[in-house]
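# Per-entry structural report
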Amino acid sequence: MNVHGRHYRTIWLRPGDGRTVEIIDQRALPHRFVIEKISTVAQMAAAISEMHVRGAGLIGASAGWGMYLAALAIFSNARSRTADARLAEAAALLKSTRPTAVNLAWAVDRQLAAIARGSTSRAKISIARETAALIADEDAAACRAIGGHGLPLIRRISRRKVGAPVNVLTHCNAGWLAFVDHGSATAPIYAAHDAGIAVHVWVDETRPRSQGAKLTAWELGQHGVPHTIIADNTGGHLMQRDMVDLVITGTDRTTRTGDVANKIGTYLKALAARDNRIPFYVALPSSSFDWKMRDGLREIPIEERGSEEVKFADGLLVGANGRAGRHAEVLIAPPESPAANYGFDVTPARLVTGLITERGLCRADEKSIVALFPEHAVR
Ligand code: MRU
């Protein structure tokens, strides 16, 4: 997608270098656009766990490139006796960074299987590089296809809203910053906007890290999509007043039965949408399905992060003259109060109107999901 008119992906191999991966450091957005260089698997693991990169698809792509950096270091000069053990260590390090997004383990395991097929050190490095690039390209292509499949949903609503925009509510950031390009939840929105359909997005702020206010609002603005940031608890009120036509969120892991793990607060939006008969869709590339899980509430691991994310907020200090100044963190809560920080919740399949995937739309149930992805049928 475009930043100040120039096309960017969220992660790429530095041109002409081959030993350095570049990422957009999302901690600096929306106020600064910072590109960070990553040249070791340890740096990549830190970038994932400290959320320089985040979002299911991008976490997967980062893990893919992390495995390439590991293979490069290990197979360039290692004695083959220790190489396999070191690669397994690198895989374990990456997998330990964040538990909820299934794309992480999926990408690492895909790399392990691919690298094992190389019969020489050179071949292993080159396979790791090709596989990392493929994971990233497939992610971008899947998100683009999601846009195409989601567009008719918005178009249908626009036909009955003569002269008024279609109001879509989204939670957290499942935009292009959460993937390699295009985004999942935002892809149909961008497709609709590009097709000339009037669309307006209610952007949930998404405390504690404010991915909605900081990232979704920024990327929608870069693309010229009208939007309004709302405090997290506003969605139900808007839905009761007919101010939301459609909810689209992303997901970090969806079971084969259609239970959806997504950023904390998503479940409450799904409940409010059901109560107000508003369609609630979840957009995902197939890399976000966990084909082994059937019961999201019992099986999906929910990340718990540090309490400081809840007790503090950060942003630009604004002077009396209205001018934005330096970046600062402020303490919101009593310093002595404990805080809990559950990163995700699970929306049961019964509250999900449908899933938007790269192969098309389906209901959030095992039969419909497997009909789109028959290679995952249980034999
Ligand atoms: O903690 P994050 O920012 O990595 O969480 C991921 C998300 O942004 C959301 O849960 C998103 O809606 C799904 S990831 C495409």
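Reading the values: rules and limits
Residues numbered from 1 in each chain as written. Predicted model: local features only at pLDDT ≥ 70, side-chain atom pairs only at ≥ 80, totals over all residues. Heavy atoms only, no water. Pairing = 2+ DSSP bridges. Helix = DSSP H or I, 4+ residues; strand = E, 2+ residues; numbered from the N terminus. Axes fitted to C-alpha atoms, helices over the stretch in contact; angles between N-to-C directions. Contact = heavy atoms within 4.5 Å. Near = heavy atom within 4 Å. Polar contact = N/O pair within 3.5 Å; in protein donor to acceptor, adjacent residues only side chain to side chain. Areas by Shrake-Rupley, 256 points an atom, 1.4 Å probe, with all protein chains shown as cover. 1 Å grid on protein atoms, 1.4 Å probe; cavity = no way out; pocket = protein on both sides within 12 Å on 5 of 7 lines; lining within 4 Å. Sits in = over half its atoms within 2 Å of the grid points. Nonpolar A, V, L, I, M, F, W, Y, C, P; charged D, E, K, R; others polar. Domains from an automatic or database assignment. Buried area = accessible area lost by both parts, 1.4 Å probe. Salt bridge = Lys/Arg side-chain N within 4 Å of Asp/Glu carboxyl O. Phe/Tyr/Trp six-rings, centres within 6.5 Å; stacked < 30°, edge-to-face > 60°. Buried < 20%, exposed > 50% of the residue type's maximum accessible area, 1.4 Å probe, protein only. Core = buried A, V, L, I, M, F, W, Y, C linked by side-chain atoms within 4.5 Å. Points joined across faces, edges and corners; volume = space filled by probe spheres on them. Parallel < 35°, antiparallel > 145°, perpendicular 65-115°, else oblique. Left-handed = near helix turned anticlockwise from the far one by under 90°.

### Thoughts on the sheet that holds strand S12 (residues 280-283)
- What the seven strands build is an open sheet, ordered S8-S7-S6-S9-S12-S17-S18; its pairing is mixed. Both edges of this open sheet fall to strand S8 (227-230) and strand S18 (360-362), since each of them pairs with a single strand only. Direction aside, the axes of adjacent strands within the sheet are offset by 25 degrees on average.

### Thoughts on the side chain of threonine 10
- Looking at the element boundaries, threonine 10 is found in the loop between strand S2 (6-7) and strand S3 (11-13).
- Non-local contacts of threonine 10, meaning those with residues more than four positions away in its chain, are made with Glu22, Ile23, Ile24, Leu58, Trp176, Leu177, Phe179 and Val180.

### Some words on the site of the ligand
- Near the ligand you find 17 residues, and of these Arg54, Arg98, Asp252, Asn262 and Lys263 are the closest.
- Residue arginine 98 places a side-chain N or O atom 2.7 Å away from an oxygen atom belonging to the ligand.
- Here an oxygen atom of the ligand and a side-chain polar atom of lysine 263 are 2.7 Å apart.
- When the free accessible area of the ligand is taken as 400 Å², the share hidden by the protein chains comes to 100%.
- Taken atom by atom, the bulk of the ligand overlaps the largest cavity.
- Tallied by class, residues from the shell around the ligand come to seven nonpolar, six polar and four charged.
- Here the shell around the ligand gathers at least three residues from each of two domains, domain 1 (2-138) and domain 2 (149-376).

### Regarding the domain arrangement of the protein
- Annotation of the protein at the domain level lists domain 1 (2-138) and domain 2 (149-376).
- Each partner contributes residues to the interface: domain 1 has 32 residues there, and domain 2 has 30 residues.
- Here domain 1 meets domain 2 over a buried area of about 2,600 Å², counting both sides, of which 57% is carbon and sulfur.
- Counting the surface domain 1 buries against domain 2, the share from its top three residues, Arg54, Thr100 and Val102, is 23%.
- Residue glutamate 303 is joined to arginine 98 by a salt bridge in which the shortest nitrogen-to-oxygen separation is 2.7 Å.
- At the junction of domain 1 with domain 2, the criterion picks out 17 residue pairs in polar contact (both at pLDDT 80 or more).
- The set of elements that each furnish at least two residues to the side of domain 1 that touches domain 2 consists of strand S1 (2-3), helix H2 (56-77) and helix H4 (103-116).
- Ranked by residue count, the leading element in the side of domain 1 that touches domain 2 is H2, at four residues.

### Side note on the packing of aromatic side chains
- Going through the model one piece at a time under the given rule, you end up with eight aromatic pairs.
- Ring centres 6.2 Å apart and planes at 25 degrees place the aromatic pair phenylalanine 33 and tryptophan 218 in the stacked group. Taken together, the residues phenylalanine 33 in the loop between strand S4 (21-24) and strand S5 (35-38) and tryptophan 218 in helix H7 (residues 211-223) connect sequence positions 185 residues apart.
- Of the residues examined, phenylalanine 33 reaches a relative accessible area of 27% and is grouped as partly exposed.
- For tryptophan 218, a relative accessible area of 12% gives the class buried.
- Members of the aromatic cluster, joined through ring pairs, are Tyr8, Trp12, Phe33, Trp176 and Trp218.

### Structural notes on the nonpolar core
- Formed by 42 residues in total, the largest nonpolar core has its most connected members in Ile11, Val21, Met44, Trp65, Tyr68, Phe75 and Leu94.
- Contributions of two or more residues to this core are made by S3, S4, helix H1 (41-49), H2, helix H3 (80-95), H4 and helix H5 (121-159).
- For this core, the leading source of residues is H2, giving 14 residues.
- For valine 21, the contacting residues outside a window of four places in its chain are Ile11, Trp12, Leu13, Glu36, Lys37, Ile38, Met44, Trp65 and Leu69.

### Digging into empty space enclosed by the protein
- Applying the stated criterion across every chain yields a total of two cavities of 30 Å³ or more.
- The computed volume of the largest cavity comes to approximately 160 Å³.
- For the lining of the largest cavity, the elements supplying multiple residues, two or more each, are H2 and strand S11 (260-263).
- A breakdown of the residues in the lining of the largest cavity according to their chemical character gives eight nonpolar, eight polar and four charged.
- Looking at which domains feed residues into the lining of the largest cavity, each of domain 1 (2-138) and domain 2 (149-376) gives three or more.
- Within this model, the second largest cavity holds a volume of roughly 40 Å³.
- Around the second largest cavity sit Pro208, Arg209, Gln211, Lys263, Arg305, Glu309, Asn341 and Gly343, which together line it.
- Grouping the amino acids of the lining of the second largest cavity by side-chain chemistry returns one nonpolar, three polar and four charged.

### Notes on the packing of H1 against H2
- Running from N to C, H1 and H2 point in directions that differ by 165 degrees, and their axes come no closer than 8 Å. On the basis of their axis angle, the class for H1 and H2 is roughly antiparallel. Crossing hand, H1 versus H2: left-handed. Taking contact as the criterion, the partners of Val41, Met44 and Ile48 in H1 are, on H2, Ile59, Ser62, Ala63, Trp65, Gly66, Leu69 and Ala70.

### Digging into the layout of surface pockets
- Volume-wise, the largest pocket comes out at about 630 Å³.
- Contributing to the lining of the largest pocket are 26 residues, with Arg27, Pro208, Arg209, Lys214 and Asp314 lying nearest its centre.
- Where the lining of the largest pocket is concerned, the elements lending two or more residues are H7, helix H11 (308-311), strand S14 (312-318) and strand S15 (324-331).
- Classifying every residue of the lining of the largest pocket gives eight nonpolar, seven polar and 11 charged.
- When residues are assigned to domains, the lining of the largest pocket turns out to be shared by domain 1 (2-138) and domain 2 (149-376), each giving three or more.
- By volume, the second largest pocket amounts to about 270 Å³.
- Looking at the second largest pocket, the residues that line it are Val102, Ala105, Trp106, Asp109, Arg110, Arg253, Phe289, Asp290, Trp291 and Lys292.
- For the lining of the second largest pocket, the elements supplying multiple residues, two or more each, are H4 and strand S13 (289-290).
- Among the elements that make up the lining of the second largest pocket, the one with the highest residue count is H4 (four residues).
- Of the residues belonging to the lining of the second largest pocket, the class tally is five nonpolar, no polar and five charged.
- Lining the lining of the second largest pocket are residues from two domains, each supplying at least three of them: domain 1 (2-138) and domain 2 (149-376).

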